[in-house]
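Structural features, examined
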Amino acid sequence: MAKIIDGKKISAEIKEELKEQVAQLKKAGVEGTLAVIQVGADPASSVYVRNKKKACEYIGLHSKSFELPEETTQKELLDLIEQLNQDAAVNGILVQLPVPAHIEEKTIINAISPLKDVDGFHPQSVGSLTIGQPGFVSCTPAGIVELLKRSKVELDGKNCVIVGRSNIVGKPMALLMLRENATVTVTHSHTKNLKEICSAADILIVAIGKKEFITGEYIKEGAVVIDVGIHRDENNKLSGDVKYDEAEPKASMITPVPGGVGPMTIAMLMRNCVEAMVTV
Ligand code: NDP
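Here is a short report on the structure shown in this document. Quantities reported herein were computed from a predicted structural model and do not represent experimental measurements. (Residues numbered from 1 in each chain as written. Predicted model: local features only at pLDDT ≥ 70, side-chain atom pairs only at ≥ 80, totals over all residues. Heavy atoms only, no water.)

1. A word on the environment of Gln74
Along the chain, Gln74 turns up in helix H3 (residues 74–86). The spacing of Gln74 and Val118 is 44 residues in sequence and 21 Å in space, taken between C-alpha atoms. Not counting residues within four places of it along the chain, the set of residues in contact with Gln74 comprises His102, Ile103, Glu104, Thr107 and Ile108. One polar contact links the side chain of Gln74 to the main-chain amide nitrogen of Glu104, over a distance of 2.8 Å. (Helix = DSSP H or I, 4+ residues; strand = E, 2+ residues; numbered from the N terminus. Contact = heavy atoms within 4.5 Å. Polar contact = N/O pair within 3.5 Å; in protein donor to acceptor, adjacent residues only side chain to side chain.)

2. So, empty space enclosed by the protein
Per the counting criterion, the structure on display carries one cavity of 30 Å³ or more. Of the pockets and cavities examined, the largest cavity occupies roughly 50 Å³. Forming the boundary of the largest cavity are Val95, Leu97, Ile108, Ile109, Ile112, Asp117, Asp119 and Phe121. (1 Å grid on protein atoms, 1.4 Å probe; cavity = no way out; pocket = protein on both sides within 12 Å on 5 of 7 lines; lining within 4 Å. Points joined across faces, edges and corners; volume = space filled by probe spheres on them.)

3. Let's talk about the sheet that holds strand S4 (residues 92–95)
Spatial ordering of the open sheet is given by S3-S2-S4, a layout of three strands whose pairing is parallel. Of all strands in the sheet, those with a lone pairing partner are strand S3 (62–68) and S4, marking the two edges. When the angles between neighbouring strand axes are averaged without regard to direction, this sheet yields 15°. Both strand S2 (residues 33–39) and S4 contribute to a ladder of four bridges, which runs parallel. The residue bridging Ala35 from the neighbouring strand is Ile93, located in S4. (Pairing = 2+ DSSP bridges. Axes fitted to C-alpha atoms, helices over the stretch in contact; angles between N-to-C directions.)

4. Some remarks on the site of the ligand
As a structural note, the neighbourhood of the ligand is formed by 23 residues, with Arg165, Ser166, Ser189, Lys210 and Thr265 the closest of them. The separation between a nitrogen atom of the ligand and a polar main-chain atom of Val228 is 3.4 Å. The contact in question runs from an oxygen atom of the ligand to an N or O atom on the backbone of Ile230, over 3.3 Å. Alone, the ligand offers 930 Å² of accessible surface; in the complex the protein occludes 71% of this. Along the lines of polarity and charge, the residues of the shell around the ligand split into nine nonpolar, eleven polar and three charged. (Near = heavy atom within 4 Å. Areas by Shrake-Rupley, 256 points an atom, 1.4 Å probe, with all protein chains shown as cover. Nonpolar A, V, L, I, M, F, W, Y, C, P; charged D, E, K, R; others polar.)

Keep in mind these values describe shape, not function.
Set out below in structure tokens:
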């Protein structure tokens, strides 16, 4: 039976540590503010934005909320970002994605100052991660490394297979696992023999975006399985990219959905915000 990696508990521990750090910074006269911009009223995005603001409040950061109408132009959004880039009282800027189709996501990401890029999506942040320089790291992959480390999973020299190569999960995940001295294989939709490759993994990280795609056959006996996927069915029940009932008996450790990777993303966003307080 696999040990469950409890992302809820680990993220709560991290938020406690950050709360303490923010209190210390406040004593030294340093305040932190995260600006959160949402364009349109997509219900899922509204939930994420609300949770991010709540997390700020919990650890003692201010949040500044900008809820813009769906018809906001790209120019208006870019002007707001520029204003926030210049605002010394704002340490972090986050534009909730996706933005409406008439706005180019890439242009928006590139407009945020790398010093305030708490999502870690700016090309400069990604470049710094690639060559091992300091910079903000994308929150979900950073959260996975934290989950593994705090669960005492040995990473050095381990065979790590990542399913998915997106800019926000798969690619930064590969770079982070390389930094931890794992031997990394990145797979994607053109990969041949996916099952064979996955079943050689000591650590299998799945971000494929397909509900319960990874069955027991993909998993080596004793592997550590990290499920990034989030899928909500018509009854609001959540499931992941991994078929949990089949994976759990084979794995030595596994993240559940919900309660695994999900809560870590916000905890890492908060960590980036605290980092922004001391670097800006
Ligand atoms: P994307 O859709 O951007 O990427 C999916 C990746 O999976 C792509 O690289 C794609 O390959 C690859 N892929 C698709 N089909 C196959 C296949 N048959 N075999 C091998 N690889 C395949 O997804 P994201 O990375 O953004 O997200 C992945 C999942 O994680 C989603 O369920 C998402 O909801 C969830 N998520 C959860 C977060 C959290 O906080 N827990 C945060 C972010 C995402 P190719 O590049 O060739 O198209």
